[in-house]
Amino acid sequence: MDVEALERAALTAVAAAASSDEIEAVRVEYLGRKSALPLALREVRDAETGRTLNDAKRRIEAAVGERADELERAELDRRLAEERVDVTLPVRAYARGRLHLITQIRREVEDVFLGLGYRVVDGREVESTHYNFDGLNFPAGHPARSHLASLFLDEQTLLRTETSPSQIRTMEGRQPPVYIVSLGRVYRRDTPDATHVPIFHQVEGLAVDEGITLADLKGTLDFLLRKLFGEQRRTEFRTHYFPFTEPSIEAYVSCHVCDGAGCPVCRHSGWIEVGGAGMVDPKLFEFVGYDPERYTGFAFGWGLERIAMLRHEFPDLRELWRNDLRFTRQF
Ligand code: DAH
């Protein structure tokens, strides 16, 4: 056998191999178990021939190995180049959603009270007349009890007209001290117009403890109003009436637009009405089994839509339900 010719042919084939598959074929052809060189080696009888064959085999093996590595590296480089992702390439921008304005305000108010150590509790949107009216000391014949004013499901069941029922449910479930807020939807039988929608949102607050006074209520509402409308705001209480508070007040905040000087937003009065509040009527404590001699409390209930409208000065409440992106995207 012409070992030199075989080696030359093998090395030429190695140099010509252009892919991993081809170099593998060359390896099988010249070094595989049934190829000429290994077969010859198996039959060799003298040391001299054996050494010559072995040397040739080793050189071919080395050449094949080297070429195989080279080809593999080149193939990897090519794949990496082909499959490269240019992460700096601009892509089509996805429109990002956002929270509805009312949800934003709801969370903001919740955060203020969580910061004061209050708990946020859930109420029920479907309520009984017991919790919506009787337990809140609404007298028989109160206009809100009418089917013309409220949305009844049957004689004893209605969509709550205010968040105040959660006061009763909370107090029934636990002993003082109680510091809670409850936010959610309320329903009234109103025809939609610029200042009325039949579904809106309230935040209800309730604090019951020993020694709570009207000054605590004022301090708490001052704090909330400054968080919502700016640190410069002053608050004022005016007497009012609610069945479940005594005394009852209506809270006013100095106008955040003109700072009290008078402008269209505050109807030139310098003050803006924000919502009801008062000291919890001791009758409610009797209903839920609290000792009215020992405990006092304050409560308040405000509309979130009102806060939204005052802050952003949009003229029509119905915008909050239209979901026109040109409106909702502003917030
Ligand atoms: N529930 C009243 C309403 O819807 C608001 C309100 C006033 C709630 C005084 C209170 C409060 O807790 O003390 O008009």
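The present account deals with the structure reproduced in this document. (Residues numbered from 1 in each chain as written. Predicted model: local features only at pLDDT ≥ 70, side-chain atom pairs only at ≥ 80, totals over all residues. Heavy atoms only, no water.)

Thoughts on helix α2 (residues 20–31)
Turning to step 1, where the next piece is worked out: In this model α2 runs 16 Å from its N-terminal to its C-terminal C-alpha over 12 residues, within 8% of the 16 Å that 1.5 Å per residue would give.
Turning to step 2, where the next piece is worked out: Taken together, the buried positions of α2 are occupied by Ile23, Val26, Tyr30 and Leu31. Along the long axis of α2, the arc covered by the buried residues comes to 90 degrees, so they all point the same way. (Helix = DSSP H or I, 4+ residues; strand = E, 2+ residues; numbered from the N terminus. Expected span 1.5 Å × (residues − 1). Buried < 20%, exposed > 50% of the residue type's maximum accessible area, 1.4 Å probe, protein only. Arc of directions from axis to C-beta.)

Let's talk about the site of the ligand
Turning to step 1, where the next piece is worked out: Around the ligand, a shell composed of 15 residues is seen, among which Glu162, Gln167, Arg188, Gln202 and Glu204 lie nearest.
Turning to step 2, where the next piece is worked out: The separation between a nitrogen atom of the ligand and a polar side-chain atom of Glu162 is 2.6 Å.
Turning to step 3, where the next piece is worked out: Note that an oxygen atom of the ligand is positioned 2.9 Å from one of the side-chain N or O atoms of Arg188.
Turning to step 4, where the next piece is worked out: For the ligand, the protein covers 89% of the area, taking 350 Å² as the surface of the free molecule.
Turning to step 5, where the next piece is worked out: At the level of secondary structure, the elements contributing two or more residues to the shell around the ligand comprise β6 (199–209), β9 (271–280) and β10 (296–303). (Near = heavy atom within 4 Å. Polar contact = N/O pair within 3.5 Å; in protein donor to acceptor, adjacent residues only side chain to side chain. Areas by Shrake-Rupley, 256 points an atom, 1.4 Å probe, with all protein chains shown as cover.)

A short note on helix α10 (residues 304–312)
Turning to step 1, where the next piece is worked out: Within the sequence span of α10, burial applies to Leu304, Glu305, Ile307, Ala308, Met309 and Leu310.
Turning to step 2, where the next piece is worked out: A positive phi of about 50 degrees marks Glu313, the residue just after α10.

Remarks on the nonpolar core
Turning to step 1, where the next piece is worked out: Val109, Phe300 and Trp302 are the most contacted members of the largest nonpolar core, which totals 45 residues.
Turning to step 2, where the next piece is worked out: Among the elements of the structure, α5 (101–115), β5 (178–187), β6, α8 (214–229), β8 (245–254), β9, β10 and α10 are those that each provide at least two residues to this core.
Turning to step 3, where the next piece is worked out: In this structure, Val121, Phe138, Phe242 and Leu284 belong to the second largest nonpolar core, which totals 23 residues. (Core = buried A, V, L, I, M, F, W, Y, C linked by side-chain atoms within 4.5 Å.)

Considering the side chain of Thr163
Turning to step 1, where the next piece is worked out: Within the secondary structure layout, Thr163 lies in the loop between β4 (157–159) and α7 (165–173).
Turning to step 2, where the next piece is worked out: Reaching out from Thr163, the side chain makes a polar contact with the side chain of Glu204 at a distance of 2.7 Å.
Turning to step 3, where the next piece is worked out: Once residues within four sequence positions are removed from consideration, Thr163 is found in contact with Ser182, Gly184, Val186, Gln202, Val203 and Glu204. (Contact = heavy atoms within 4.5 Å.)

Here we look at the pairing of β6
Turning to step 1, where the next piece is worked out: Counted residue by residue, β6 has nine buried out of 11 residues, so it is predominantly covered.
Turning to step 2, where the next piece is worked out: Sheet analysis places β5 next to β6, joined by 10 bridges and oriented antiparallel. Within the sheet, the bridge partner assigned to Val186 lies in β6 and is Phe200.
Turning to step 3, where the next piece is worked out: Alignment of β6 against β10, held across eight bridges, turns out to be antiparallel. Residue pairing across strands places Glu204 opposite Gly301, the latter belonging to β10. (Pairing = 2+ DSSP bridges.)

Thoughts on the pattern of salt bridges
Turning to step 1, where the next piece is worked out: For the coordinates displayed, the defined rule picks out 19 salt bridges.
Turning to step 2, where the next piece is worked out: Of the charged contacts in the structure, one is a salt bridge between Glu7 and Arg59, with a shortest N-O distance of 2.7 Å. A residue pair is termed long-range when its members are at least 10 positions apart, and Glu7 in helix α1 (residues 3–16) and Arg59 in helix α4 (residues 47–82) qualify at 52 residues.
Turning to step 3, where the next piece is worked out: Note on Glu7: relative accessible area 13%, which makes it buried.
Turning to step 4, where the next piece is worked out: The exposure class assigned to Arg59 is partly exposed, which follows from its relative accessible area of 44%.
Turning to step 5, where the next piece is worked out: A salt bridge links Arg106 to Glu110; the nearest nitrogen and oxygen atoms lie 3.3 Å apart. (Salt bridge = Lys/Arg side-chain N within 4 Å of Asp/Glu carboxyl O.)

Here's the deal with the side chain of Glu162
Turning to step 1, where the next piece is worked out: By the secondary structure assignment, Glu162 is in the loop between β4 and α7.
Turning to step 2, where the next piece is worked out: For the buried residue Glu162, which engages in no salt bridge, the nearest side chain bearing the opposite charge is Arg188, 4.8 Å off. (Lys, Arg positive; Asp, Glu negative; His and termini not counted.)

Details of the sheet that holds β10
Turning to step 1, where the next piece is worked out: Taken in spatial order, the seven strands make up an open sheet running β1-β5-β6-β10-β9-β8-β7, and their pairing is mixed. Looking along the sheet, the strands with just one partner apiece sit at the ends: β1 (119–120) and β7 (235–242).
Turning to step 2, where the next piece is worked out: When β9 meets β10, the two strands line up antiparallel, connected through five bridges. Of the residues in β10, the one forming a bridge with Gly275 is Trp302.
Turning to step 3, where the next piece is worked out: Where α5 meets the sheet, its contacts fall on β1, β5, β6 and β10, and the angle it forms with β5 comes to roughly 170 degrees.
Turning to step 4, where the next piece is worked out: Each of β5, β6 and β10 touches α7; the most contacted strand, β6, lies at about 40 degrees to it. (Axes fitted to C-alpha atoms, helices over the stretch in contact; angles between N-to-C directions.)

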